[in-house]
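Coordinate inspection notes
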Amino acid sequence: MGSTVQYTRDDKRILFFVALVWGADMLYYLKAVVMRLPVINTMADYFVPVVIIISLLITLGSLTKRLKLSDYFFYLGCVVLYLLTFVLFPANDKWLEMFLPMVFFQTLPYFFIGLLIEPQKQLKVIEYVSMVSIVLSLIYLYSTFSTREVEGEEMGVAYSLLPHLLIVLNSCFRNFKWYSLLIFILGFLRLLGTGNRGTLVCLAFYVIVFLLFCSHAKYKWVVVSLLSALTVFVLFKHEVIFGLLSDFLGGLGFNTRVFDMALNDEFVNANGRDTLSIFFTDKIGTGSIFGYGIMGDRTLLNMENGYPHNLALEFLIDFGVPLGGSLLMALVSILLFAFKYSKTPEAKSMLVVFVTVGFVSLFISDSYLANPMFFLLIGYAVQIIRNNRKKCAK
């Protein structure tokens, strides 16, 4: 692939910036190093923003050449809608103010990153960035092992690790390398040690969709059969297998919540989420046709993390049934068209990765307002559809 792809100066600058943003985790590990250095350790909190801003300024000229006026209008439209909520739904002011910096400067801008991603030119570098990110996370874990205390589920670690794991697994499927598999296995063990179930469901979703719709390997159905047989074997021997893994990872100080729940037949238990679903479904039925406004879910529960754990319910709560339902259908339509128009294996497999972390995961945990991958997915899908229209117009 690398020998046939030609890179312009703008391509290289955009590749640098996209790789830097994708590997932002690495910057936080470097920040941990800066915190231990004399004199400059007082500036550690500014390290990541300064690096990103300097990189943005260096590459700004190249970035703006790839963006259209409509892209800026989408961002501004989202900002205006958010600000209008202060006026239309004043009861949400507390949470709107709290989340405003994150939404405006951390999650929404990822829409532009999605527009800039070109798998044909960037995927190989993104794969290496993900591999390095996983390795650095393991090194950091090892360096802090003696002082590490895990009291519960490490949800943040799990969901920040998931995109990198999927990219590395995608690399294994597309062009197998032994070191890719090794890094994936080590990262997967780390994921198991976070005690988070949702990311495991997302991982399973990605594997199934990739094998069924993206893989054109000669022995595709042999792999599917082997994985199916392995799944059946694990289900029959789950007590022995999960018991051994629980003892092994627990002995290393990791969270064994996933294994404990599996051993107690509680892995699919979602009582807490079911309660939230019932609560929000009732509020949708009794609320205004316009919903409760952005952050209305937090207002209803009076909790910072008081979201429904379900993207569809969150849209209906925030925007009401007519508008929320229309937005959800529009989103699904965009994703389906993007999948249809993904002409290369790289573009299609990357879309499945982004759908997993930016769409499927939002039906399990997190909020679209706090998940940058949601907006990255929209940007990437729009870019695929736009490129297809360009080719059709020629």
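Since the structure is predicted, the reported quantities are computational estimates derived from the model, not experimental observations.

1. Quick look at the overall build of the protein
When helices and strands are counted, the protein shows 18 helices and zero strands. Split into buried and exposed, the 394 residues of the protein put 46% on the buried side. Accessible surface for the protein amounts to roughly 20,500 Å². Of this, 69% is attributable to carbon and sulfur atoms.

2. Remarks on the nonpolar core
Note that soluble globular proteins tend to have their nonpolar side chains buried in a common cluster. Ranked by size, the top nonpolar core spans 87 residues in total, and within it Leu-311, Phe-354, Tyr-368 and Phe-374 carry the most contacts. Setting aside chain neighbours within four positions, we find Phe-374 in contact with Leu-311, Phe-315, Leu-331, Gly-358, Leu-362 and Tyr-368. In terms of nonpolar packing, the next biggest core, distinct from the first, is built from five residues, Leu-276, Phe-280, Ile-284 and Ile-317 among them.

3. Structural notes on the environment of Lys-343
Relative to the assigned elements, Lys-343 resides in the loop between α16 (311-341) and α17 (345-358). Along the backbone, Lys-343 and Asn-388 are 45 residues apart, and their C-alpha atoms lie at a distance of 8.7 Å.

4. Regarding the pattern of salt bridges
One pass over the full model with this rule turns up ten salt bridges. Among the salt bridges present, the one from Lys-124 reaches Glu-127, with a minimum N-O distance of 3.6 Å. Of this pair, Lys-124 and Glu-127 both sit in helix α7 (residues 119-143), separated by three residues, roughly a single helical turn. Assessed through its relative accessible area of 31%, Lys-124 is described here as partly exposed. The class of Glu-127 is buried, set by a relative accessible area of 1%. A network of salt bridges, in which partner residues are shared, links Asp-11, Arg-66, Glu-118 and Lys-121.

5. A short note on unusual backbone geometry
Here Met-295, not a glycine, exhibits a phi torsion of approximately 75 degrees, which is positive. Within the element layout of this structure, Met-295 appears in the loop between α14 (271-286) and α15 (296-301). Here His-309, not a glycine, exhibits a phi torsion of approximately 60 degrees, which is positive. Following the sequence through the fold, His-309 ends up in the loop between α15 and α16.

6. Structural notes on the packing of aromatic side chains
Aromatic ring pairs are reported here in terms of the distance separating the ring centres and the angle at which the planes meet. Within the structure shown, the criterion is met by 23 aromatic pairs. With a centroid separation of 5.8 Å and an interplanar angle of 35 degrees, the aromatic rings of Tyr-206 and Phe-210 are classed as tilted. Of this pair, Tyr-206 and Phe-210 both sit in helix α10 (residues 198-214), four residues apart, which is roughly one turn of that helix. For the pair Phe-354 and Tyr-380, a centre-to-centre distance of 5.1 Å together with 85 degrees between the ring planes defines the contact as edge-to-face. With Phe-354 in helix α17 and Tyr-380 in helix α18 (residues 372-393), the pair connects residues that are 26 residues apart, well separated along the chain.

7. Quick word on the packing of helix α1 (residues 9-22) against helix α3 (residues 47-66)
The interhelical angle for the contact between α1 and α3, taken along N-to-C directions, is 135 degrees, at an axis separation of 9 Å. On the basis of their axis angle, the class for α1 and α3 is oblique. With respect to the hand of their crossing, α1 and α3 are arranged in left-handed fashion. Where α1 approaches α3, its residues Asp-10, Asp-11, Arg-13, Ile-14, Phe-16, Phe-17 and Leu-20 are matched on the opposing element by Val-51, Ile-52, Ser-55, Leu-56, Ile-58, Thr-59, Ser-62, Leu-63, Lys-65 and Arg-66.

8. A few points about α16
Taking 1.5 Å per residue as the helical rise, α16 with its 31 residues ought to reach 45 Å, whereas the 25 Å between its terminal C-alpha atoms falls clearly short. At Gly-320, α16 shows its strongest bend, of approximately 125 degrees, with the proline Pro-322 following within four residues.

9. Side note on the side chain of Arg-298
On the secondary structure map, Arg-298 appears in helix α15. Among residues more than four places away in sequence, those in contact with Arg-298 are Trp-95, Phe-99, Met-303, Glu-304, Gly-306, Tyr-307, Glu-314, Ser-367 and Leu-369.

Conventions we followed
Residues numbered from 1 in each chain as written. Predicted model: local features only at pLDDT ≥ 70, side-chain atom pairs only at ≥ 80, totals over all residues. Heavy atoms only, no water. Helix = DSSP H or I, 4+ residues; strand = E, 2+ residues; numbered from the N terminus. Buried < 20%, exposed > 50% of the residue type's maximum accessible area, 1.4 Å probe, protein only. Areas by Shrake-Rupley, 256 points an atom, 1.4 Å probe, with all protein chains shown as cover. Core = buried A, V, L, I, M, F, W, Y, C linked by side-chain atoms within 4.5 Å. Contact = heavy atoms within 4.5 Å. Salt bridge = Lys/Arg side-chain N within 4 Å of Asp/Glu carboxyl O. Phe/Tyr/Trp six-rings, centres within 6.5 Å; stacked < 30°, edge-to-face > 60°. Axes fitted to C-alpha atoms, helices over the stretch in contact; angles between N-to-C directions. Parallel < 35°, antiparallel > 145°, perpendicular 65-115°, else oblique. Left-handed = near helix turned anticlockwise from the far one by under 90°. Expected span 1.5 Å × (residues − 1). Bend = angle between axes of the 7 residues up to and from the residue.

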